[in-house]
Amino acid sequence: MIFILRFALYILYSTEYNVRVENSHFSEMIFMSKPVTAIIVGAGHRALIYAELAITNPEQLQIVGVADPNPVRRQMVMEKFGFSEDMCFHDADELAKHGKLADTIINGTMDHQHLETSIPLLNLGYDMLLEKPFAVNDEEMERLIEVVKRNNCQKNKNKKHEKSQNIIGGKNGNIMD
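Here we summarise the structure given alongside this text.

Rules and cut-offs
Residues numbered from 1 in each chain as written. Predicted model: local features only at pLDDT ≥ 70, side-chain atom pairs only at ≥ 80, totals over all residues. Heavy atoms only, no water. Helix = DSSP H or I, 4+ residues; strand = E, 2+ residues; numbered from the N terminus. Contact = heavy atoms within 4.5 Å. Areas by Shrake-Rupley, 256 points an atom, 1.4 Å probe, with all protein chains shown as cover. Buried < 20%, exposed > 50% of the residue type's maximum accessible area, 1.4 Å probe, protein only. Arc of directions from axis to C-beta. Pairing = 2+ DSSP bridges. Right-handed = clockwise from strand over helix to strand, strands pointing away. Salt bridge = Lys/Arg side-chain N within 4 Å of Asp/Glu carboxyl O. Polar contact = N/O pair within 3.5 Å; in protein donor to acceptor, adjacent residues only side chain to side chain. Core = buried A, V, L, I, M, F, W, Y, C linked by side-chain atoms within 4.5 Å.

## Focus on the overall build of the chain
The secondary structure content of the chain amounts to 9 helices and 5 strands. Taken from the N to the C terminus, the helices and strands of the chain come in the order α-α-β-α-α-β-α-β-α-β-α-β-α-α. Considering only residue pairs separated by 6 or more positions, the chain has 60% of its internal contacts joining residues 24 or more positions apart. Surface accessibility of the chain: about 10000 Å² in total, with carbon and sulfur atoms responsible for 52%.

## Thoughts on helix α5 (residues 71-81)
Among the residues of α5, those classed as buried are Arg74, Val77, Met78 and Phe81. Burial along α5 is one-sided: seen end-on, the buried residues are contained in an arc of 100 degrees. Facing away from the buried side of α5 by more than 90 degrees, the exposed set consists of Val72 and Glu79. Turning to α5, the residues buried within the fold contact β1 (36-41), α3 (45-51), α4 (53-56), β2 (61-67) and β3 (88-89).

## Quick word on the pairing of strand β4 (residues 104-107)
Residues of β4 alternate between two faces, with Thr104 and Ile106 on one and Ile105 and Asn107 on the opposite face, all of them buried. The pairing of β1 with β4 spans 4 bridges and is parallel. In the sheet register, Ile40 faces β4, and the bridge partner there is Ile106. For the crossover that starts at β4, traverses helix α7 (residues 114-122) and ends in the parallel strand β5 (residues 127-130), the hand is right-handed.

## Quick look at the environment of Thr109
Mapped onto the secondary structure, Thr109 falls in the loop between β4 and α7. Spatially, the C-alpha atoms of Thr109 and Ala92 are 9.9 Å apart, while their sequence positions differ by 17 residues. Excluding residues that lie within four positions of it along the chain, Thr109 makes contacts with Val41, Gly42, His114 and Thr117.

## Let's talk about the pattern of salt bridges
The tally for this structure, following the rule as stated, stands at 3 salt bridges. For Glu52, the salt bridge is made with Lys80, and the minimal N-O distance between the two is 3.1 Å. Of this pair, Glu52 sits in the loop between α3 and α4 while Lys80 is found in helix α5, placing the two residues 28 residues apart along the sequence. Judged by its relative accessible area of 29%, Glu52 is partly exposed. Between Asp68 and Arg73 there is a salt bridge, with its nearest N and O atoms 3.3 Å apart.

## Overview of the side chain of Asn57
On the secondary structure map, Asn57 appears in the loop between α4 and β2. Side chain to side chain, Asn57 and Thr56 meet in a polar contact 2.9 Å long.

## Re the side chain of Ser118
Inspection of the secondary structure puts Ser118 in helix α7. Ignoring any residue separated from it by four or fewer positions in sequence, one finds Ser118 in contact with Asn107, Met128, Leu130 and Leu144.

## Re the nonpolar core
With 42 residues, the main nonpolar core has Ile40, Ile63, Phe81, Phe83, Leu95 and Leu121 as its most contacted residues. Ignoring anything within four residues of it in the chain, the contact list for Leu121 reads Val41, Ala92, Leu95, Ala96, Ile105, Tyr126 and Met128.

## Regarding the environment of Met76
Assignment of secondary structure puts Met76 in helix α5. On the basis of relative accessibility, which here comes to 34%, the residue Met76 falls in the partly exposed class. Sequence separation between Met76 and Ala43 is 33 residues; the distance between their C-alpha atoms is 9.3 Å.

## Quick word on the sheet that holds β1
Taken together, 5 strands build an open sheet; the order of strands is β3-β2-β1-β4-β5 and the sheet is parallel. Strands at the two margins of the open sheet, each flanked by one partner only, are β3 and β5.

Functional significance is not addressed by these values, which are geometric in nature.
Shown next as structure tokens:
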């Protein structure tokens, strides 16, 4: 969950001020030789603001798909970001049936839809930018945290994982409420 928050803050900060954030665990991911690939789930205003990084900095982020029940929005996103129709899905469940197709998800669904749209994709191993509030009650919050922790435990223990664990464990500072 920490990655999600930091990634969101990074995107907002870097696009607004056009700067590179140094000494950040995700700056390694963002500034790799190939762009991070993302699929938009819920193609509303906020998700498209986050996705704008793919237009301004295509070397950092590439939007490769969309899941949204509105066919007009799916078409608009497909045309804007230049991917094929086979990467357009009606919803998160349909997307999940195809396995992992990108590095990350930009989840801009309505607050009450976060749980149902996030869990199937987190279980596939997607990293996710999840709009706030990420849960509408304590039960949903606990369930999302449990899914994130469970899936982090199943991931390989690589350098990226180690750095994210340092952040979660507070070695790189504290999270402020």
